[in-house]
Protein chains: 2
Amino acid sequence: MQTPQKMAIVGSGLVGTLLAIYLKRAGHSVSVFDRSPDIRNIEFSGRSINLVMSDRGWKTLEDIGLDEEIRKIGIPVNKRGIHLKDGTLNNQFYGKEGEAIFSLSRGILNRKMIDLAEKEGVDFFFEHKIWDVNLATVTLFEGETEQDAWRELKFDMVFGADGAFSRIRHRMQRQSMFDYSQEFMEIGYKELHIPANADGSHKLDKNSLHIWPRGNFMLMALANLQGSFTCTLFMPFKGENSFENIKTEADLTAFFAEFFPDTKEVIPDLVRDFFKNPTSYLAIMKCFPWTYEDKVALIGDSSHAIVPFYGQGMNAGFEDITVLHEMMQKYGDDWKKIFSEYEISRKPNADAIAELSKRNFIEMSDLTADANFILQKKIEKWFSDKHPEKWTPLYSRVTFSLQPYAEALAIGDAQNEIMQEVLKMNNIEEKWDSPEVEQRILELLK
Amino acid sequence: MQTPQKMAIVGSGLVGTLLAIYLKRAGHSVSVFDRSPDIRNIEFSGRSINLVMSDRGWKTLEDIGLDEEIRKIGIPVNKRGIHLKDGTLNNQFYGKEGEAIFSLSRGILNRKMIDLAEKEGVDFFFEHKIWDVNLATVTLFEGETEQDAWRELKFDMVFGADGAFSRIRHRMQRQSMFDYSQEFMEIGYKELHIPANADGSHKLDKNSLHIWPRGNFMLMALANLQGSFTCTLFMPFKGENSFENIKTEADLTAFFAEFFPDTKEVIPDLVRDFFKNPTSYLAIMKCFPWTYEDKVALIGDSSHAIVPFYGQGMNAGFEDITVLHEMMQKYGDDWKKIFSEYEISRKPNADAIAELSKRNFIEMSDLTADANFILQKKIEKWFSDKHPEKWTPLYSRVTFSLQPYAEALAIGDAQNEIMQEVLKMNNIEEKWDSPEVEQRILELLK
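Residues numbered from 1 in each chain as written. Chains lettered and ligands numbered in written order. Predicted model: local features only at pLDDT ≥ 70, side-chain atom pairs only at ≥ 80, totals over all residues. Heavy atoms only, no water.

Attention now moves to the overall build of chain A. When you go through chain A residue by residue, the secondary structure sums to 15 helices and 20 strands. On C-alpha atoms alone, chain A measures out to a radius of gyration of 23 Å, which is about the 22 Å that the 2.2 N^0.38 rule sets for 446 residues. In terms of overall dimensions, chain A has C-alpha extents of about 70 × 55 × 45 Å along its principal axes. By the burial criterion, 56% of the 446 residues in chain A qualify as buried. Pairs at least 24 apart in sequence give 70% of the contacts found in chain A among residues at least 6 apart. Summed over all atoms, the accessible surface of chain A reaches about 18,900 Å², with 49% contributed by carbon and sulfur. (Helix = DSSP H or I, 4+ residues; strand = E, 2+ residues; numbered from the N terminus. Rg over C-alpha atoms; globule rule 2.2 N^0.38 Å. Buried < 20%, exposed > 50% of the residue type's maximum accessible area, 1.4 Å probe, protein only. Contact = heavy atoms within 4.5 Å. Areas by Shrake-Rupley, 256 points an atom, 1.4 Å probe, with all protein chains shown as cover.)

What follows is the structure, encoded as structure tokens:
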């Protein structure tokens, strides 16, 4: 058992709130600060992509007995539904029979988690804006504006779970020997909406992650509980098919008619959604170290903001909590050791999932419609079914296992090299499931 | 001729001051702000590495007729003087007969340039701390502390020449679509001092850049006008031979006796210098964009801080001015175009010199004492003398030419691949200047 500490968490998002529950259960006093109003009292913002929970996220919830509660508000998704330009729909299953990721509305999940944390005795302070932190004295500075006279709030320990634009990291960044990078994507996104049918049913298969892959842009849809879908358009800011080039209703209608004709019936309020909802940015943030002595630690997006294309942002953040918790159990009151082992363990894995997520945009927006890629996936699945001990596809390693991301990435790269060799075989399209191909893969695996 | 504008430059360092002269000559009103006192009234800080001026820097001075003035306070350096552990001294010439870089004391150069800028009518405001900028209204915020009530200073245009930890860039960084990275090296540095002889002469050859290469650390010395040398110890912060491990006078004396025995006589105040002077950090900063509309521009270290191992930091900053000035002459009052062409032209070259500088630590601290590397340089020089139109060594491209850094880097990499092939030839040590080797290089160049 650890000596109780007075802890503050900045940020009441998913990672901050779940971390609060863990720390509270470990016997600490926990105050969570958030600059926004209580998400339970406001409408969601219209700039969210639906979340998917997979094995890593579930593990963090299971370890603390909250998985059942959350599973009730999610929808299992076991495949990609690829909508080609000619109207064809292809299903590409994610894993084996019974394996699925879970679609969750960010707002609903966050509300639920805050309820659960409050029940545990966590104190929430909404509309409390934390502008700065004194790392050495573990003092938070709170005020209405950045130029205000600030109130000082003193703690034993502070966790920065305040997301990609973290103020806590911002202070750490001004130290020597602190590495940091922010990289914005050329691609932005906009939320659109597929409402439920009149009878409350879903207009599309709710157990698919729907993708309309169109090369360097794509539309995506994930089901909500009440029959609707949260839909997201990912597209370059500039260039031929881009947000910049859709200026008028006519532009928009023509663009959708050309590239997404089959969405006309399911997105009735396209024009309103498109021009009302903001175009959001995507950025990758990296930094190191993640902690300051035994006093301050970053967790979740504040230390490793990634792009959403692998559906791993929340899962990676939850896995941070799992690892932090392991270290707490291992090292007791030695918080210097806990923090240092935590950051050393997580950093390479955070970098790996950042890389995997970035690559996956190309897979989703382009390759899912590519015959060669589909053949590769087919061969991998076939070989993996025959030799499960020899081959787990990369997607499954990342999504349906707890293998460290860095290992999954390294093995995935090696597997991909093998598959590139296999795809060079004569008439591979015809003999892809032949003993010859099986032998070739077995050889290459040596 | 451009329409006169009211311009502010933040930072009175070398780049800020030279830019001020250029802008003043172009007819603008120019105010330079610096948080520090006037460098002409204070002692230098004991944490500087001597500068070297090479062709790019000279060009920027020549174009405005200031090169003669500056050449008087510099010392030509035409070679590396490599001090091996056994006491041997090897000379490695930088270029052809007559080619040299110029060693300059940062403080003396900066004082001189501020004098020159004042003569031109530039206004300097020392001990004026700029904490923030409003990019859209081009307003600087000045005050004694970060939490003060700030004075507002309004301009038509602001240049951030405020170095690696730029406040102007710091504001730009908080915008969307602004890419930024800071990366600290594992190696730090400390200034030491080789005084002049009693008669004012230099204790070592003043026309050499002296290096004591010792693998992952090194000592370096560059001559000053008055007979002294500014000496710099580059070494890891942590590990076997590191700053961390030199805690006492005894540690220090033993360390120098083992690795730099021949410096005992020339660095008489080693112990005082070492424990008095700070250990400084080295960092690489990158960002993009460098400008905001036609209102704000970064220049020099604020947009591309690099490590000092190629002696190109000041030269790269001065070249920024050359390119900005070219764009001013080309595009007149179209400052949006001037800024955008400036940043597009400079960014790849800034990235290239960052990479080259990073690599050069290994060359200086390790390879200069490596037989293979010395042979490679010898072959390159021999071949380049025979076929000057076919081969200019990388160092000469960077130092004694105005070829864009990005091109120099690309060609240098290609040349290095060729040399790696050549070094694999049988008995290359003996036949390095044979017709066979010449033929092989000519073939590989095709």
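Turning our attention to the interface of chain A and chain B. The partner chain B presents 23 residues to the 22 residues of chain A that form the contact. Taking both partners together, chain A and chain B bury about 1,900 Å²; carbon and sulfur atoms supply 43% of that area. Among the residues chain A hides against chain B, the three largest losses belong to Arg174(A), Met177(A) and Gln182(A). Together they make up 30% of the total. There are 11 residue pairs in polar contact (both at pLDDT 80 or more) connecting chain A and chain B. Those elements giving two or more residues to the side of chain A that touches chain B turn out to be α5 (167-172) and β13 (179-184) of chain A. Per-element accounting of the side of chain A that touches chain B gives the leading share, 6 residues, to β13(A). A breakdown of the residues in the side of chain A that touches chain B according to their chemical character gives 9 nonpolar, 7 polar and 6 charged. As judged from the 3 bridges shared by β13(A) and strand β13 (residues 179-184) of chain B, these two strands associate in the antiparallel manner. Across the sheet, the residue bridging to Tyr180(A) is Gln182(B), located in β13(B). (Buried area = accessible area lost by both parts, 1.4 Å probe. Polar contact = N/O pair within 3.5 Å; in protein donor to acceptor, adjacent residues only side chain to side chain. Nonpolar A, V, L, I, M, F, W, Y, C, P; charged D, E, K, R; others polar. Pairing = 2+ DSSP bridges.)

Summed over all chains, the structure comprises 57 aromatic pairs over all chains. Between Trp335(A) and Phe339(A), the aromatic rings sit 5.5 Å apart at their centres with planes inclined by 75°, giving edge-to-face as the arrangement. On the criterion of helical spacing, the pair formed by Trp335(A) and Phe339(A) is a turn pair, its members being 4 residues apart in helix α10 (residues 335-365). Among the residues examined, Trp335(A) registers a relative accessible area of 3% and is labelled buried. Taking the ring centre of Phe155(A) as reference, the NZ or CZ of Lys6(A) above it sits at 5.1 Å. Positioned above the aromatic ring of Trp58(B), the side-chain terminus of Arg71(B) is 4.0 Å from the ring centre. (Phe/Tyr/Trp six-rings, centres within 6.5 Å; stacked < 30°, edge-to-face > 60°. Lys NZ or Arg CZ within 6 Å of the ring centre and 35° of its normal.)

Using the criterion set out here, one finds 60 salt bridges over all chains in the structure. A salt bridge links Arg272(B) to Asp269(B); the nearest nitrogen and oxygen atoms lie 3.7 Å apart. Classification of Asp269(B) as partly exposed rests on a relative accessible area of 37%. Three or more residues joined by partner-sharing salt bridges are found here, namely Asp38(A), Arg40(A), Asp115(A) and Glu118(A). (Salt bridge = Lys/Arg side-chain N within 4 Å of Asp/Glu carboxyl O.)

A word on the sheet that holds strand β9 (residues 130-134) of chain B. Residues and elements named next belong to chain B. Strand order in the open sheet formed by 3 strands is β9-β10-β11, with antiparallel pairing between adjacent strands. Single-partner strands in this sheet number two, and they are β9 and β11 (151-154). The sheet shows a mean angle of 25° between the axes of neighbouring strands, taken without regard to direction. When β9 meets strand β10 (residues 139-142), the two strands line up antiparallel, connected through 4 bridges. (Axes fitted to C-alpha atoms, helices over the stretch in contact; angles between N-to-C directions.)

Moving on, we get to the nonpolar core. With 148 residues, the main nonpolar core has Leu140(A), Phe159(A), Leu140(B) and Phe159(B) as its most contacted residues. The contacts of Leu140(A), once residues within four sequence positions are left out, are Ala8(A), Val10(A), Phe33(A), Ile130(A), Asp132(A), Val133(A), Arg151(A), Glu152(A), Leu153(A), Phe155(A), Val158(A) and Ile168(A). If you look at the next biggest cluster of nonpolar residues, it comprises 35 residues, including Leu84(A), Leu209(A), Tyr310(A) and Ala316(A). (Core = buried A, V, L, I, M, F, W, Y, C linked by side-chain atoms within 4.5 Å.)

This paragraph deals with the relation of the copies chain A and chain B. Superposition record for chain A on chain B: RMSD 0.0 Å, screw rotation 180°, translation along axis 0.0 Å. In short, the pair behaves as if placed about a two-fold rotation axis. Scanning chain A for the C-alpha nearest the rotation axis identifies Ser181(A), at a separation of 2.0 Å. In this assembly the copies share their binding face: 100% of the residues contributing to the interface of chain A also contribute to that of chain B. (Least-squares fit on C-alpha atoms with pLDDT ≥ 70 in both.)

For the rest of this paragraph, the subject is the domain arrangement of chain A. Residue and element names in this part refer to chain A. Segmenting chain A into domains produces domain 1 (6-44 + 106-183 + 283-360) and domain 2 (370-445). The C-alpha-based centres of domain 1 and domain 2 are spaced at 37 Å. Between domain 1 and domain 2, the residue contacts involve 13 residues of the former and 10 residues of the latter. Summing both sides of the interface, domain 1 and domain 2 together bury roughly 970 Å²; the carbon and sulfur share of this comes to 60%. (Domains from an automatic or database assignment.)

Here we take up the side chain of Lys347(B). Looking at the secondary structure, you find Lys347(B) in helix α10 (residues 335-365). Accessibility expressed as a relative area gives 17% for Lys347(B), which makes it buried.

Residue and element names in this part refer to chain B. Here we have 6 strands laid out as an open sheet, ordered β6-β5-β15-β16-β17-β14, and mixed in their pairing. Either end of the sheet is taken by a strand with one partner, and the two such strands are β6 (89-93) and β14 (187-194). This sheet shows a mean twist of 20° between the axes of neighbouring strands, independent of strand direction. With 8 bridges joining them, β14 and strand β17 (residues 229-236) adopt antiparallel strand pairing.

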